[in-house]
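A look at the structure
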Amino acid sequence: MSESNTLHWQNLSREHLLPPFSDYRELNAKGARIITRASGVYLWDSKGNRILDGMAGLWCVNIGYGREELVEAAARQMRELPYYNLFFQTAHTPALELANAIAGIAPIGMDHVFFTGSGSESNDTVLRMVRHYWMTKGQPQKQVIIGRWNGYHGSTVAGASLGGMKAMHEQAGLLISGIEHIDQPYWYGEGDDLDPDEFGIRVAEQLEQKILEVGEDKVAAFIAEPIQGAGGVIIPPDSYWPKIREILARYDILFIADEVICGFGRTGEWFGSDYYGNAPDLMPIAKGLTSGYLPMGGVIVRDKVVQVLNEGGEFYHGFTYSGHPVAAAVALENLRILKEENILERVKAKTSPYLQKRWRELADHPLVGEVRGLGMLGALELVKDKQTRERFPGAIGMRCREHCLDNGLVMRAVGDTMIISPPLVINEEEIDELVTKARLCLDLTARDARA
Ligand SMILES: *Cc1c(COP(=O)(O)O)cnc(C)c1O
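An account of the accompanying structure is given in this report. Worth saying up front: this structure is predicted, and the values here are computed from it rather than measured.

**Considering the sheet that holds strand β3 (residues 50-53)**
Spatially, the 4 strands line up as an open sheet ordered β1-β2-β3-β13, and their pairing is mixed. Each of the sheet's edge strands pairs with one partner strand only, and the pair in question is β1 (35-39) and β13 (409-410). When strand β2 (residues 42-45) meets β3, the two strands line up antiparallel, connected through 3 bridges. Opposite Y42, over in β3, you have L52 as the bridge partner. Strands β2, β3 and β13 of the sheet are contacted by helix α17 (residues 428-450), whose axis makes an angle of about 100 degrees with β3.

Okay, structure coming up:
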């Protein structure tokens, strides 16, 4: 495709499109990169460049691009029943079969699903559902939800308030009332000279301090991602989740594990909570549920919570597209492929150990202060000084990201943390290509940094 086509589309973007999470002036000056097609783990842009998608879209294309079975499932369902809803005592087979399939892979005792259109809607649902739960139980004062700074739970008003992205709060006059935050378990960034496990315990203990400060009788729930994704692939120290479990066991509050990224195989288990041995009461899901082929989310709910909701009268909440039949048919097909092709087993036994081994080789690079990763997730901390962890002035992460795109790799920058979350179907050869390209881009970034 020609250069002039690219300019045409870049102009359409300037003239008509307001894209999410973008600085419009900066983007308009530069021009958007136009993605035209995809297959397997690769994207192509309008100039014909092939790009290895190290982010699986936005953490979602778990089975890779171009699976005809999902196309067929969507077409079949559109012909049969393109739309109906789950409101007012109706249901349809795709949503019912999908709820059943999800219950089959969810942790024991989590057998019900409330469907939504996205991860953000799932977290809005969670806020409404836990408050309704406590009201039904006769404890209406239990309203406060405790989240974590730098957590990400989506971009709707409730999602952004539950999340701990301060820039999002400031721009929109958030938080909404009844939400509190504690520190994140980000050892490299905030652990100073503490040993990682000691740091993990300390930040976990903040949960107990916050519960006592607010009052157990006012706390409804704690929400956290098993591994923070958008915050920069923050993998808690080993001591963190056991300590959190210990605290949760002492207090009568609900535990919400936001599985929007970790769900559907990202850690090599079905859910991040399985990986860590956590037992949440509610699990918001989205992204990998359909491998991103259609928008869909949901909340998986523990039976003991459902028992209370059953006594609560009408739940005044839902979306036109809750359980959308076409999205549900695609999600079912996606789950079938994940299971029948043993994709999680392969991630666990072969490709994630290989990715993690190769990824850690980048630790010797002069710009890299820390390499971390787990399952099909990875992060690199870019620093000026490995000893002191001093950062570069200016946005070195964005420079690195630019070099990656120019050299055929999508690697995302969260500040000066470079992150990856490739499709779960990535093979060893493609992992080699990813790591080789990442090193090349680190070299180019180091050259810029010296200049
Ligand atoms: C992406 C994400 C969300 C929001 O999902 P959307 O589909 O973008 O609304 C919520 N929680 C986590 C952990 C996410 O990564």
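**Things to note about the pairing of strand β7 (residues 219-224)**
Of all 6 residues in β7, 6 are buried; the element is thus mostly enclosed. Sheet topology places strand β5 (residues 144-148) next to β7; 3 bridges connect them, and they run parallel. Directly across from I146, in β7, lies its bridge partner F222. Handedness of the β-α-β unit built from β7, helix α11 (residues 240-250) and strand β8 (residues 254-257) comes out right-handed.

**Describing the packing of aromatic side chains**
Each aromatic ring pair is described using two quantities: the centre-to-centre distance and the angle formed by the ring planes. This structure, assessed with the given rule, holds 12 aromatic pairs. Ring centres of Y133 and W134 lie 4.9 Å apart, and the angle between their planes is 85 degrees; this geometry places the pair in the edge-to-face category. In this structure Y133 comes out as buried when scored by relative accessible area, which is 3%. The interplanar angle of 75 degrees and the centroid separation of 5.1 Å between the aromatic rings of Y240 and W241 together place this pair among those described as edge-to-face. Each of the two residues, Y240 as well as W241, counts as buried. Members of the aromatic cluster, connected to one another through ring pairs, are F222, Y240, W241, F255, Y275 and Y276. Lying across the ring of W134, K142 places its NZ or CZ 4.6 Å from the centre. Seen from the ring of W187, R389 lies directly overhead, with NZ or CZ sitting 4.5 Å from the centre.

**A look at the site of the ligand**
Surrounding the ligand, one finds S118, G119, S120, N123, Y152, H153, G154, E225, D258, V260, I261 and K287. Between the ligand and K287 there is a distance of 2.7 Å, counted from an oxygen atom to a side-chain nitrogen or oxygen. Looking at the shell around the ligand, its residues break down into 3 nonpolar, 6 polar and 3 charged.

**Considerations on the packing of helix α10 (residues 196-214) against α11**
Where α10 meets α11, the axes come as close as 8 Å, and the angle between the chain directions of the two elements is 20 degrees. Looking at the two axes, α10 sits roughly parallel to α11. In this structure, α10 crosses over α11, and the sense of that crossing is right-handed. Of α11, the residues touching α10 (which contributes G200, I201, V203, A204, E205, L207, E208 and I211) are Y240, K243, I244, I247, L248 and R250. Its residues placed into classes, the contact of α10 with α11 shows 9 nonpolar, 1 polar and 4 charged.

Cut-off values and rules
Residue indices follow the written sequence of each chain, beginning from 1 at its first position. Thresholds applied to this predicted model are a pLDDT of at least 70 for local features of residues and 80 or more for the giving and counting of side-chain atom pairs; totals over whole chains, interfaces and linings are not thresholded and use all residues. Where side-chain values are given, they derive from all heavy atoms of the structure, hydrogens and water being excluded. Strand pairing is assigned whenever DSSP identifies at least 2 bridges connecting the two strands. Helix and strand definitions here come from DSSP, where helices need a minimum of 4 consecutive H or I residues and strands a minimum of 2 consecutive E residues; each element is numbered from the N-terminal end. Any two residues whose heavy atoms approach within 4.5 Å at even a single point are treated as in contact. Note on method: axes are straight lines fitted to C-alpha atoms, helices fitted across the in-contact stretch only, with angles between N-to-C directions ranging 0 to 180 degrees. Relative accessibility thresholds used throughout: buried, under 20% of the residue-type maximum; exposed, over 50%; partly exposed, between the two (1.4 Å probe, protein chains only). Orient the strands so they point away from the viewer; a crossover is then right-handed if the path from the first strand over the helix to the second runs clockwise. Ring pairs shown here join Phe, Tyr and Trp side chains whose ring centres sit within 6.5 Å, with only the six-membered ring taken for Trp; geometry is labelled stacked below 30 degrees between planes, edge-to-face above 60, and tilted in between. The rule for a charge over a ring is simple: NZ of Lys or CZ of Arg within 6 Å of the ring centre, and within 35 degrees of the ring normal. For this description, a residue counts as near a given molecule or strand if any of its non-hydrogen atoms is within 4 Å of it. Pairs of N or O atoms are called polar contacts if they sit within 3.5 Å, as long as, within protein, a hydrogen donor faces a hydrogen acceptor (for residues adjacent in sequence, only side-chain-to-side-chain pairs). Note that Gly is not counted as nonpolar here; it falls among the polar residues with everything else outside the nonpolar set of Ala, Val, Leu, Ile, Met, Phe, Trp, Tyr, Cys and Pro and the charged set of Asp, Glu, Lys and Arg. An angle counts as roughly parallel when it lies under 35 degrees, as roughly antiparallel when it exceeds 145, as roughly perpendicular when it falls between 65 and 115, and as oblique in every other case. By convention, the crossing between two helices is left-handed when the near helix turns anticlockwise from the far helix through less than a right angle, and right-handed when the turn is clockwise.

Don't take any of this as a statement about function, it's just geometry.
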